[in-house]
Amino acid sequence: MSEISEEKIQSVRNDFPILSRTIYGKPLVYFDNAATTQKPNIVIDAISNYYRNDNANVHRGVHYLSQQATGAFEDVRKKVATFVNACNPNEIIFTRGATEAINLVACSYCEPFLNAGDEIIISVLEHHSNIVPWQVACERKGAFLKVIPITPEGDLDIIVFEELLNDRTKMVAVSHISNTLGTINPVAEIVEMAHKKGVPVFVDGAQGLSHGPVDVQELDCDFYAFSAHKMYGPMGIGGLYGKTSWLEKMQPYQLGGEMIDRVTFEKTTYNEIPYKFEAGTPNVADVMGFGAAIDYLNELGWDFIMAQENDLLSYATAQLQAVEGVKIIGTAQNKAAIISFLIEGIHFFDAGTIMDHLGIAVRTGSHCTQPLMDILGINGTLRASMAFYNTRQEVDKLVEAIHRVKTLFA
Amino acid sequence: MTIKETTNLIINEFNQFDDWMDKYNYLIEMGRSVPLIDDTQKTDANLITGCQSRVWLSSEYKDGLIYFTADSDAVITKGIAYLLIRVFSGHTPVEIVEAETTFLDLIGLKEHLSPTRSNGLLSMVKQIKLYAFAYQVKEKNS
Ligand SMILES: Cc1ncc(COP(=O)(O)O)c(C=O)c1O
């Protein structure tokens, strides 16, 4: 039995209205949390409350509402900074999400710092969002993309990484947690190795921040990107942590209002960080929702979240392994509650379609990691990605569904 | 049989089943009867893009009529391909170009018609229509 009481989980589930809906007449089993997590009431309320009572543009007005909105907006910046333990709230830039944060660095860092013949190191595990921006930056500059391979279990091959690092390396960009295999990468170790060679490290934390605490100072990474929608917050908002020393040296990303200091037709000077990277009216309402999500996570506490997710991971791993013909793809020692698997002789699309009809939302396909699929020699997987509001009973339903799928396609 | 008649026949076949599971079972059965595309025809050109499973669809034009063959690595997709082939194979380009294609809605497999990228249905219908359109143009010009 899990140490966490069913009452506790039920009370947490009650915070998420969508979890009580049905799909095709069956209770929803939501196992697609790596794609996006569901939203608790306080997040939904924060957004609607903002529009109902507090809406005004930020950083612009002397009037009461604008000042109030600005204060609340900047409070969330502080909240995010504390959440990841940044030295300074100015090191938090709001973006649309992890993808925009990656693009921001791939443009604003690479433009001044990447030259012909230089190299950027990524890994085989990366999401397309953490591949394509670097790939295009390399193409533009005549630089080269180097890729850290994985072991058969799905761990990064750190020995090869060390060999790849050299004087031409200008950036190491790796994910904190693989969205496909669930591998938790040894980011602190990677940072230490890269820093020895004077190379900055960008961490794609899209999956990282929802499964456990992140301390950017302890990790000592130079950048850390995240998406609120994978942290029980709203879609369309996320952010980038960047060390002040880098952010100050980087070029602006987009140009326009807010990010300027002084504009004349001859010349424009830019605002200081973080505003230099936040052109235009920001997504204030979703920043409010993001703030509420962080409050929610703080209130729940990582102890509960991690205990519940670890329990689900080990329970689901054992249950799935016990089903004949099920093969788990990705068996790293250090894993988050994300399980990719295949059912022997059955296409993942067929299996996923039937599971959907049973009310079970799993993701099928390549999970935006096509190069990883190529390396693994498969076209895709079924992926069950779990969150603290999932239950062992839901895992049992998944296993039951696999048995039905096997019977149907036998 | 006209396209409309085959369509109605298929709708009736599926309407025998109340349970969605039986509908899928039937679809899976049908997948086994699909006129299989020749392995040499499993080329990139015949691969339908935009679906999670790989689907190949090939056409042949004989005596004014178009005949289709297909295959897929997913069984459900293969069944859907067969439904489409039953409906469209053996018809003239004009008949195919002008045909309505809403019958999958009616048999209760609507989610396969939703324009998501995960299923190949829309792409298959589009490809069938494109083949027909190409033969139509060719015919006019000859
Ligand atoms: C590891 C990883 N990186 C980046 C992203 C992109 O995140 P977003 O689409 O929220 O920008 C995702 C989302 O699936 C992800 O899992």
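Just so you know, these numbers come straight off a predicted model, no measurement behind them.

**Digging into the site of the ligand**
All names here are of chain A. Near the ligand the following residues occur: Ala98, Thr99, His127, Ser129, Asn179, Asp204, Ala206, Gln207, Ser227, His229 and Lys230. Contact between the ligand and Ala98: an oxygen atom at 3.5 Å from a main-chain N or O atom of the residue. In the environment of the ligand, an oxygen atom lies 2.8 Å from a nitrogen or oxygen atom belonging to the side chain of Gln207. The fraction of the free accessible surface of the ligand (390 Å²) that becomes covered by protein chains is 85%. Of the residues assigned to the shell around the ligand, the class counts are two nonpolar, seven polar and two charged.

**Focus: the pattern of salt bridges**
Evaluated as defined, the whole model comprises 18 salt bridges over all chains. A salt bridge links A:Asp118 to A:Lys170; the shortest N-O distance between them is 2.8 Å. Taken together, the residues A:Asp118 in the loop between α5 (110-113) and β5 (119-123) and A:Lys170 in strand β7 (residues 169-175) connect sequence positions 52 residues apart. Its relative accessible area of 8% is what places A:Asp118 among the buried residues. A relative accessible area of 22% means that A:Lys170 is categorised as partly exposed. For B:Arg32, the salt bridge goes to B:Glu29, with nearest N and O atoms at 3.0 Å. One network of salt bridges, in which partners are shared, links B:Asp39, B:Lys42, B:Asp71 and B:Lys78.

**Topic: the sheet that holds strand β17 (residues 381-385) of chain A**
Residue and element names in this part refer to chain A. Spatial ordering of the open sheet is given by β13-β14-β17-β16, a layout of four strands whose pairing is antiparallel. A single partner strand is all that each edge strand has here, and the edge strands are β13 (326-329) and β16 (363-365). Going from strand to strand, the sheet's axes swing by 30 degrees on average, the running direction of each strand aside. Of the strand pairs in this sheet, strand β14 (residues 338-343) and β17 are connected by four bridges, and their pairing is antiparallel. Bridge pairing in β17 places Ile338 opposite Ser385. Contacts from helix α13 (residues 348-357) reach β14, β16 and β17, with the element oriented near 40 degrees to β17.

**Concerning the packing of helix α2 (residues 20-31) of chain B against helix α3 (residues 75-88) of chain B**
Residues and elements named next belong to chain B. Two elements in contact, α2 and α3, have axes separated by 7 Å at closest approach and are oriented at 75 degrees. Taken together, the axes of α2 and α3 lie roughly perpendicular to each other. Across from Tyr24, Leu27, Ile28, Met30 and Gly31 in α2, the residues of α3 making contact are Val75, Ile76, Lys78, Gly79, Ile80, Tyr82, Leu83 and Arg86. For the contact of α2 with α3, a count of residues per class yields nine nonpolar, two polar and two charged.

**Quick notes on unusual backbone geometry**
Residue and element names in this part refer to chain A. Ile273 connects to Pro274 through a cis peptide bond whose omega is 0 degrees. Unusually for a residue other than glycine, Tyr24 sits at a positive phi of about 50 degrees. With respect to the element layout, Tyr24 can be found in the loop between β1 (22-23) and β2 (26-27). With a relative accessible area of 40%, Tyr24 lands in the partly exposed category. Even without glycine at this site, Glu258 takes up a positive phi of about 75 degrees. Looking at the element boundaries, Glu258 is found in the loop between α10 (244-249) and β11 (260-263).

**Considerations on the nonpolar core**
Residue and element names in this part refer to chain A. Residues Phe341, Met355 and Phe388 are the most contacted members of the largest nonpolar core, which totals 149 residues. Broken down by element, the residue count for this core peaks at eleven residues, all from helix α11 (residues 284-300). Two domains each put at least three residues into this core: domain 1 (6-30 + 301-408) and domain 2 (44-298). Apart from the residues within four sequence positions on either side, Phe341 is in contact with Leu320, Val326, Lys327, Ile328, Ile329, Met355, Thr381, Leu382, Ala384, Leu398 and Ile402.

**With respect to the pairing of β7(A)**
All names here are of chain A. Of all the seven residues making up β7, six are buried; the element is thus mostly covered by neighbouring parts of the structure. Across three bridges, the pairing between β5 and β7 is parallel. What sits directly across from Ile120, in β7, is Met171. Bridge count between β7 and strand β8 (residues 201-204): four bridges; the pairing is parallel. Bridged to Ala173 within β8 is Phe202. A crossover links β7 with its parallel partner β8, the connecting element being helix α8 (residues 187-196), and its sense is right-handed.

**With respect to the domain arrangement of chain A**
Residues and elements named next belong to chain A. Partitioning chain A into structural domains gives domain 1 (6-30 + 301-408) and domain 2 (44-298). Averaged C-alpha coordinates put domain 1 and domain 2 at centres separated by 28 Å. Contact residues are listed per partner, giving 34 residues for domain 1 and 30 residues for domain 2. Buried area between domain 1 and domain 2, summed over both chains or domains, comes out near 2500 Å², and the portion from carbon and sulfur atoms is 63%. The three residues of domain 1 that bury the most area against domain 2 are Trp302, Ile338 and Leu372, which together make up 25% of that side's buried surface. The tally of links between domain 1 and domain 2 comes to zero salt bridges. On inspection of domain 1 and its partner domain 2, the count reaches 14 residue pairs in polar contact (both at pLDDT 80 or more). By residue number, the principal contributor to the side of domain 1 that touches domain 2 is helix α14 (residues 370-376), which donates six residues. Each residue belonging to the side of domain 1 that touches domain 2 can be placed in one class, and the counts come to 20 nonpolar, ten polar and four charged.

Definitions and limits used
Residues numbered from 1 in each chain as written. Chains lettered and ligands numbered in written order. Predicted model: local features only at pLDDT ≥ 70, side-chain atom pairs only at ≥ 80, totals over all residues. Heavy atoms only, no water. Near = heavy atom within 4 Å. Polar contact = N/O pair within 3.5 Å; in protein donor to acceptor, adjacent residues only side chain to side chain. Areas by Shrake-Rupley, 256 points an atom, 1.4 Å probe, with all protein chains shown as cover. Nonpolar A, V, L, I, M, F, W, Y, C, P; charged D, E, K, R; others polar. Salt bridge = Lys/Arg side-chain N within 4 Å of Asp/Glu carboxyl O. Helix = DSSP H or I, 4+ residues; strand = E, 2+ residues; numbered from the N terminus. Buried < 20%, exposed > 50% of the residue type's maximum accessible area, 1.4 Å probe, protein only. Pairing = 2+ DSSP bridges. Axes fitted to C-alpha atoms, helices over the stretch in contact; angles between N-to-C directions. Contact = heavy atoms within 4.5 Å. Parallel < 35°, antiparallel > 145°, perpendicular 65-115°, else oblique. Core = buried A, V, L, I, M, F, W, Y, C linked by side-chain atoms within 4.5 Å. Domains from an automatic or database assignment. Right-handed = clockwise from strand over helix to strand, strands pointing away. Buried area = accessible area lost by both parts, 1.4 Å probe.

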